[in-house]
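Here's the letter readout for the chains.
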Amino acid sequence: MALIDARPFPLSFEPATTALIVIDMQRDFIEPGGFGAALGNDVRPLQAIVPTVRRLLDGCRAAGLAVIHTRECHEPDLSDCPPAKRDRGTPALRIGDHGPMGRVLVAGEPGAEIVAELTPRPGETVIDKPGKGAFYATGLAEILAVLGARTLVFAGVTTEVCVQTTMREANDRGFDCLLAEDATESYFPAFKAATLEMIRAQGAIVGWTATTDQILAALDA
Ligand code: TIU
């Protein structure tokens, strides 16, 4: 067993039964002209974590952890996009509209791709998901069962939307969940801070948090 110096208390884990899940590090959330920007957000804080996510990814790859990437995107005919999702609010571009990176949040379009620095490697799993949580309407649960995973390390964007939703889904399914504090980001600093706090409050009610350095130190040990 290895030990991560995590909050609110150390997390023991077995590297062989631990997977890294990198949530939605897509151009549509991280680059100008995508879905995140269309919702009115400044995407620069999300761009800033890409090198840290890369460092975590490379450390987990070197340690032999299973790596799973997710992408929030929809079928070209939008058959898996609820109208309530597409029609909500007054974004500059709606899901399926044509933008500078192709059709917004549509599978196969440039904007739906993971940013170049974090491109999945052969053997890594990529899950396309229509919702915020990565378990909803995907094969993630079955994939984790085949891997024999018990502990999940999370990174990606955005902290309080797709990352938190997926962590909560995973926690309810019996996984020990840890969020890499500096390898996740929100468009709203206060929401990120609140999410980190609420995850680890009440004796890790949803899970643990730790820095990328703390996670990599445990994998090196
Ligand atoms: N991936 C993800 O978090 N999807 C979002 O729509 N996030 C927002 O913060 N909008």
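Above this text sits the structure in question.
Residues numbered from 1 in each chain as written. Predicted model: local features only at pLDDT ≥ 70, side-chain atom pairs only at ≥ 80, totals over all residues. Heavy atoms only, no water.

Enquirer: Quick question: what am I supposed to make of the sheet that holds strand β10 (residues 208–210) here?
Expert: Strand pairing in a sheet relies on backbone hydrogen bonds, with the paired strands running either antiparallel or parallel. The 6 strands are arranged β7-β4-β3-β8-β9-β10 in an open sheet whose pairing can be described as parallel. One side of each edge strand has no neighbouring strand; the edge strands of this open sheet are β7 (125–129) and β10. Across the sheet, the axes of successive neighbouring strands diverge by a mean angle of 25°, strand direction being ignored. Of the pairings in the sheet, the one linking strand β8 (residues 151–157) to strand β9 (residues 176–185) comprises 6 bridges and is parallel in character. Paired with phenylalanine 154 across the bridge in β9 is leucine 179. (Pairing = 2+ DSSP bridges. Helix = DSSP H or I, 4+ residues; strand = E, 2+ residues; numbered from the N terminus. Axes fitted to C-alpha atoms, helices over the stretch in contact; angles between N-to-C directions.)

Enquirer: I would appreciate a short explanation of the state of the cysteines in the present structure.
Expert: As used in these notes, a disulfide is a covalent bond between sulfur atoms, one from each of two cysteines. Taken as a whole and assessed by the stated rule, the structure comprises 0 disulfides. Summary of cysteine pairing: cysteine 60 is not part of a disulfide, and the nearest cysteine sulfur, belonging to cysteine 177, is at 14 Å. The exposure class assigned to cysteine 177 is buried, which follows from its relative accessible area of 0%. (Disulfide = S-S within 2.5 Å. Buried < 20%, exposed > 50% of the residue type's maximum accessible area, 1.4 Å probe, protein only.)

Enquirer: How should I be thinking about the packing of aromatic side chains in this particular structure?
Expert: For the coordinates displayed, the defined rule picks out 4 aromatic pairs. Ring plane angle 35° and centroid distance 6.4 Å describe the contact between phenylalanine 135 and phenylalanine 175, whose orientation is recorded as tilted. Taken together, the residues phenylalanine 135 in the loop between β7 and α6 (140–147) and phenylalanine 175 in the loop between α7 (159–172) and β9 connect sequence positions 40 residues apart. (Phe/Tyr/Trp six-rings, centres within 6.5 Å; stacked < 30°, edge-to-face > 60°.)

Enquirer: What am I meant to see in the pairing of strand β4 (residues 66–72) here?
Expert: Each regular strand displays side chains that alternate between the two surfaces of the sheet. A large share of β4 lies buried, amounting to 6 of its 7 residues. Where strand β3 (residues 18–23) lies against β4, 5 bridges are found, and the strand directions are parallel. If you follow isoleucine 21 over to β4, its bridge partner there is isoleucine 68. With 5 bridges joining them, β4 and β7 adopt parallel strand pairing. When the sheet's bridge partners are listed, arginine 71 is paired in β7 with aspartate 128.

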